[in-house]
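# Results of the structural survey
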Amino acid sequence: MSCHGPGEGDVATLGRTTEVALLGSPNTGKSSLFNRLTGLSAATGNYPGVTVTRSRGTARTSSGSVTVTDLPGTYSLEPASPDEDVVLDHLTGRQESETAPDALLVVMDSTTLYRSLALCAEALALGRPTAVVLTMVDELRARGGDLDVTGLSRALGVPVVETVAHRGRGLEDVRELLGEVASWPVALIAPPHDDAAQLSGWIRSVLDSARYRSPRSSVATSRIDAVLLHPVWGALVFLAVMFCFFQVIFTVAAPIQDAIQAVFDHWGEVAANTLGSGFLADFVGTALIGGVGGVLVFLPQILLLYLMISVLESVGYMSRAAFLMDRIMARSGLDGRAFVAMLSSTACAVPGIMATRTMPSSRDRIATIMSAPLMTCSARLPVYLLLISLLVPAEARLGPFSMQGAALFGMYLLGGLASLVVARVFKATLLRHGALPFYLEMPPYRLPTPRGILRAVWTPVWMFLRKVGTIILVVTAVLWVLINFPAREAETAHMDEAQAQSYVMENSFAGAAGKAVEPVFEPLGFDWRVDIGLIASFAAREVFVSTMGQVAAAEDPEDPGAALQQLTYTHGPHQGEPVFTPPTIVALMIFFAFAMQCVSTLATMRRETNSWKWPAIAVAYMFVLAYGAAWIGHEITAAVTR
Amino acid sequence: MKRSKQGAATPSPVTLCDVKPGEIACIALVEDALDPVVRRRLGALGFREGEQVTCLRRAPMGSPILFRVCGAEVCLRKEQARSVRIGEWSPAPVASVS
């Protein structure tokens, strides 16, 4: 098996462990293998300048540790886009920031060996110490296929190990293989990967030596697909799945979120009682505990969302759904896979943006990332509910439906349509170049492992908590300072709590800022107090409700409806008139529908696109869109209700 | 793979886009006019000259189309399927195929 001289393949140098790169097509179980080998030591990062990510971790082997890098799944090493250029550069050592890996571990799905051998040929031609891992071998045999591993190893000239990656069988063999990385051979004669006919001949001879028998197509998969991809039944199942998706997120997550909120409210009270009144108590109570609570309140939704997405993905249903949705998504220039990101964004744009990692085309990814935040996320809900209650009476009916419910549905529709249109515009303008042809592989249905699911859920959730959580916390603290300082203890000494708070807020830094920007938002009907709310909601949209509550000196800041209805303009041409008239409310709702008011989303965009350029573009275009559409809404409503 | 004679009444499919669900075709050529990058990507997926392709189903609105090629199931949109020319083909056999 190994036919090299002494010293060849001697890779361990002082102070650096051997690096093995995992190479393979998507859907081969490569990532499961990587996760099982590296456990919790894995970290994901971007290649500089592009959106491609790669993961790196440490695997323990019998002869010490080995660094394992999981490269993005690819069908061929020939690059089709700048993203793929980077991967090839990394492999061949041309990438400045990364050293070329010392050895290659090619992961191939034994059920599609015929196709994977082309990639293997390209890998062998790189002239590096190489070994092969075959996955899904149990499935191969269950479907009537077979192969002789020794024969394959002889034909390829490299060590070959059989595994069932997602069940952990054969894992020890892979560890052993990694332990012997120093003795992996370099291919003596590069397989002919340039000439198509010669390549076919080579592939056939390798398969002959391995006595490879192709598996039958999976009967179970065909039967299930006959239903799930059926034009009528498939669509019905799809709608049912989507409906369950929504229900779980809104119905199941809600009580858990309430429970978390209650816990934090309780701690807030405990803090107030222990620390008494004064700034420290308020800071700890509002900023710290409130801030942390504000982050953790996202947790049930994101957990459930990722749980469902990863179950659907590992079972194989996601590609079926993308198949059904593709025609519709194609109208906005996106592909069927984008719908997962869009759907997730209805809970929160943060996991939605993270979900775009599965899209191979960087152009599509960015278009989706730019348009996903327009989908109505759950943070907008409290704002919509408040504003709708001010606009539409609770008893009003639209046929059998509640008018308020219809208005809410309308906002969802608005967000959805806007995001599709914006994606189209981006694809046609800024993202004109670099198209990849559409393709979608439909893996056979497979039972997911609990371990794989847990990992697929844990990684993004942990990232959310760490990165996004810190940002929300910091911004909450900063806003707390802006709203509560300068303290006006002398002036507020004789006021009751609500009035005092309102006075302080009006004369704080944030208040000054609100008054300063008032002329900007005047055509929309917003007065400086609403502008304070807008400034505060830059951190997170739902903060708008409590901020308005505080500004209006509401008795219950969580339910400021009545107090807000009594707010009147303090100066200007409309002095004395109520602020929250239908035109203002409509303008405000539309503004919230379209404006970028979420630092967490921006932070996630930054992380996923690996630059500040795209978040900056998002802030800019969304502000213009929000302002323009809000103004149109204002004018139309004013004309209609005059 | 069976070779069949087409009667004058049924026009033979020329590209993958014309192959109906259940039919098996053999790829003759991936169009030259196609962007070489696209052609290589199709090749890497298994759509190479001489390969057998089975059309499995089409999406409700005609696109994308699901094929079995090189042991895997892959979808292409109509536009890509149109750029793959086929040679021999055989229609769905009378007995149902799973």
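Starting afresh in each chain, residues are numbered from 1 along the sequence in its written order. Labels follow written order: the first chain is A, the first ligand is 1, and so on. Given that this is a predicted model, residues contribute local features only at a pLDDT of at least 70 and side-chain atom pairs are listed and counted only at 80 or more, while totals for whole chains, interfaces and linings are drawn from all residues. Hydrogens and waters are ignored; side-chain quantities use all the structure's heavy atoms.

### Digging into the overall build of chain B
Filter applied, for reference: Secondary structure elements are taken from DSSP: a helix is a run of H or I of four residues or more, a strand is a run of E of two residues or more, and numbering for both begins at the N terminus. A 1.4 Å probe rolled over the protein chains alone gives each residue an accessible area, and that area as a share of the maximum for its type sets the label: buried under 20%, exposed over 50%, partly exposed in between. Per-residue and other accessible areas follow the Shrake-Rupley method at a 1.4 Å probe size, with only the shown protein chains counted as cover for residues.
Regarding its fold elements, chain B presents two helices and five strands. Traced from its N-terminal end to its C-terminal end, chain B shows the element sequence β-α-β-β-β-α-β. Taking all 98 residues of chain B together, 49% fall into the buried category. A total of about 4800 Å² of accessible surface is found on chain B, and carbon and sulfur atoms cover 54% of it.

### Focus on the overall build of chain A
Rules: Residues are treated as being in contact if the distance between any of their heavy atoms lies within 4.5 Å.
A tally of regular secondary structure across chain A gives 27 helices and 10 strands. Every one of the 642 residues in chain A was classed for burial, and the buried ones make up 54%. Partitioning the intrachain contacts of chain A with sequence separation of at least 6 by distance along the chain shows that 73% fall at a separation of at least 24. When the accessible surface of chain A is summed, it comes to about 27400 Å², and 63% of that surface belongs to carbon and sulfur atoms.

### Side note on the nonpolar core
Definition in use: Residues grouped as a nonpolar core are buried Ala, Val, Leu, Ile, Met, Phe, Trp, Tyr and Cys residues, joined through side-chain atoms within 4.5 Å.
Formed by 64 residues in total, the largest nonpolar core has its most connected members in L117(A), L156(A) and F47(B). Counting residues in each nonpolar core, the second largest holds 54 residues, with L408(A), A563(A), V579(A) and Y621(A) among its members.

### Remarks on helix α1 (residues 36-45) of chain B
Listed as buried for α1(B) are V38(B), R41(B), L42(B), G43(B), A44(B) and L45(B). Once α1(B) finishes, G46(B) follows within two positions and takes phi at roughly 115 degrees, a positive value.

### Comments concerning the side chain of S419(A)
Its place among the elements puts S419(A) in helix α17 (residues 403-428). Ignoring any residue separated from it by four or fewer positions in sequence, one finds S419(A) in contact with M342(A), S371(A), L374(A) and M375(A).

### Looking at the sheet that holds strand β1 (residues 24-30) of chain B
The following threshold applies: By the convention used here, strands pair only if DSSP detects at least 2 bridges between them. Note on geometry: axes are C-alpha line fits, over the in-contact stretch for helices, and angles between N-to-C directions span 0 to 180 degrees.
Strand order in the open sheet formed by six strands is β10(A)-β4(B)-β3(B)-β2(B)-β1(B)-β5(B), with antiparallel pairing between adjacent strands. Looking at strand neighbours, the two that pair on one side only are β10 (439-441) of chain A together with β5 (84-90) of chain B, the edges of this open sheet. Shown here is a sheet whose adjacent strand axes are inclined to one another by a mean of 35 degrees, direction ignored. Relative to strand β4 (residues 72-76) of chain B, strand β3 (residues 65-69) of chain B is paired through five bridges, and the arrangement is antiparallel.

### Some thoughts on the confidence of the model for chain A
Formally: Within a predicted model, pLDDT stands for the predictor's per-residue confidence, ranging from 0 to 100.
With 91% of its residues at a pLDDT of 70 or more, chain A has an overall mean of 81. Scored below 50 in pLDDT, residues 1-14 of chain A makes 15 contacts in the model with residues more than four places away or belonging to other chains.

### Details of the pairing of β1(B)
Residue and element names in this part refer to chain B. Of the pairings in the sheet, the one linking β1 to strand β2 (residues 52-58) comprises three bridges and is antiparallel in character. Paired with I24 across the bridge in β2 is T54. Pairing of β1 with β5, which is carried by five bridges, proceeds in the antiparallel orientation. The partner of I24 across the bridge, within β5, is S90.

### A short note on the pattern of salt bridges
All names here are of chain A. Under the convention used in this document: Salt bridges, as used here, are contacts in which a Lys or Arg side-chain nitrogen is within 4 Å of a carboxyl oxygen on Asp or Glu.
A full pass over the atoms with the stated rule returns 17 salt bridges over all chains. Close ionic contact of D89 with R94 constitutes a salt bridge, the shortest N to O distance being 3.3 Å. Where D146 meets R141, a salt bridge forms, and the shortest distance between an N and an O atom there is 3.0 Å. Residue D146 is classed as partly exposed on the basis of its relative accessible area, which comes to 28%. Residue R141 is classed as partly exposed on the basis of its relative accessible area, which comes to 38%. Three or more residues joined by partner-sharing salt bridges are found here, namely D109, E139, R143 and R446.

### Things to note about the confidence of the model for chain B
All names here are of chain B. Across chain B, pLDDT averages 76, with 77% of residues at or above 70. No element of chain B has a lower mean pLDDT than α1, which averages 80, and none a higher one than β3, which averages 91. Contacts for the low-pLDDT stretch residues 1-9, under 50 throughout, to residues beyond four places or in other chains number 12 contacts.

### Topic: the interface of chain B and chain A
Cut-off, in case you're wondering: As a working definition, buried area equals the accessible area (1.4 Å probe) given up by two parts on being put together, with both sides summed. Gly falls in the polar group here, along with every residue not listed as nonpolar (Ala, Val, Leu, Ile, Met, Phe, Trp, Tyr, Cys, Pro) or charged (Asp, Glu, Lys, Arg).
Each partner contributes to the interface: chain B provides 29 residues, whereas chain A provides 33 residues. Summed over both partners, the interface of chain B with chain A buries about 2900 Å², with 58% contributed by carbon and sulfur atoms. When the buried surface of chain B facing chain A is broken down by residue, R41(B), R57(B) and R77(B) rank first, second and third, together holding 23% of it. One can count one salt bridge joining chain B with chain A. For R77(B), the salt bridge is made with D326(A), and the minimal N-O distance between the two is 2.8 Å. When residues of the side of chain B that touches chain A are assigned to their parent elements, the largest contribution, six residues, is made by α1(B). Grouping the amino acids of the side of chain B that touches chain A by side-chain chemistry returns 15 nonpolar, four polar and 10 charged. As judged from the three bridges shared by β10(A) and β4(B), these two strands associate in the antiparallel manner. Across the sheet, the residue bridging to E441(A) is V74(B), located in β4(B).

### Remarks on a nonpolar patch on the surface
Residues and elements named next belong to chain A. Keep this limit in mind: Residues qualify for a patch when their relative accessible area is over 30% and they have no salt bridge, like charges being joined within 9 Å and the nonpolar side chains of Val, Leu, Ile, Met, Phe, Trp and Tyr within 5 Å.
Side chains of V227, V232, W233, L236 and L239 sit close together on the surface and give an oily, nonpolar patch of about 500 Å² of accessible area. Top element by residues in the nonpolar patch is helix α9 (residues 233-275). It accounts for three residues. Along the chain, the position of L236 falls in helix α9. On the basis of relative accessible area, L236 is assigned to the partly exposed category, the value being 45%.

### Thoughts on the packing of aromatic side chains
Residues and elements named next belong to chain A. The following threshold applies: When the centres of two rings from Phe, Tyr and Trp lie within 6.5 Å, Trp using its six-membered ring, the rings pair. Their planes under 30 degrees apart give stacked, over 60 give edge-to-face, and anything left gives tilted.
With the rule as written, the count across this model stands at 12 aromatic pairs over all chains. Taking 6.0 Å as the distance between ring centres and 90 degrees as the angle between the ring planes, the aromatic pair formed by F526 and F591 counts as edge-to-face. With a gap of 65 residues between them, F526 in the loop between α21 (509-521) and α22 (528-536) and F591 in helix α25 (residues 582-594) connect regions that are remote in the sequence. Given a relative accessible area of 1%, F526 falls into the buried group.

### A word on the packing of helix α16 (residues 380-391) of chain A against α17(A)
All names here are of chain A. To keep it simple, the criterion reads: In what follows, roughly perpendicular refers to angles from 65 to 115 degrees, roughly parallel to angles under 35, roughly antiparallel to angles over 145, and oblique to any angle outside these ranges. Handedness of a crossing follows from how the near helix is turned relative to the far one, being left-handed for an anticlockwise turn of less than a right angle and right-handed for a clockwise one.
Contact geometry for α16 and α17: axes closest at 10 Å, N-to-C directions at 135 degrees. With respect to their mutual orientation, α16 and α17 come out oblique. Note that α16 runs across α17; the crossing there is right-handed. Residues L381, Y384, L385, I388 and S389 of α16 form the contact with α17, whose own contacting residues are Q404, A407, L408, M411 and Y412. Counted by class, the contact of α16 with α17 contains eight nonpolar, two polar and no charged residues.

### Section: the environment of V14(B)
Residues and elements named next belong to chain B. You can see V14 is positioned in the segment before β1. The exposure class assigned to V14 is partly exposed, which follows from its relative accessible area of 40%. Measuring from C-alpha to C-alpha, the distance between V14 and R82 comes to 8.6 Å, with 68 residues separating the pair along the chain.

### Digging into unusual backbone geometry
All names here are of chain A. Despite not being glycine, N27 shows a phi value in the positive range, around 65 degrees. Tracing the chain through its elements places N27 in the loop between β1 (19-24) and α1 (30-38). Unlike most non-glycine residues, M136 shows phi in positive territory, near 60 degrees. Considering the arrangement of structural elements, one finds M136 in the loop between β6 (130-135) and α4 (137-142). Residue classification places M136 among the buried positions, given a relative accessible area of 5%.

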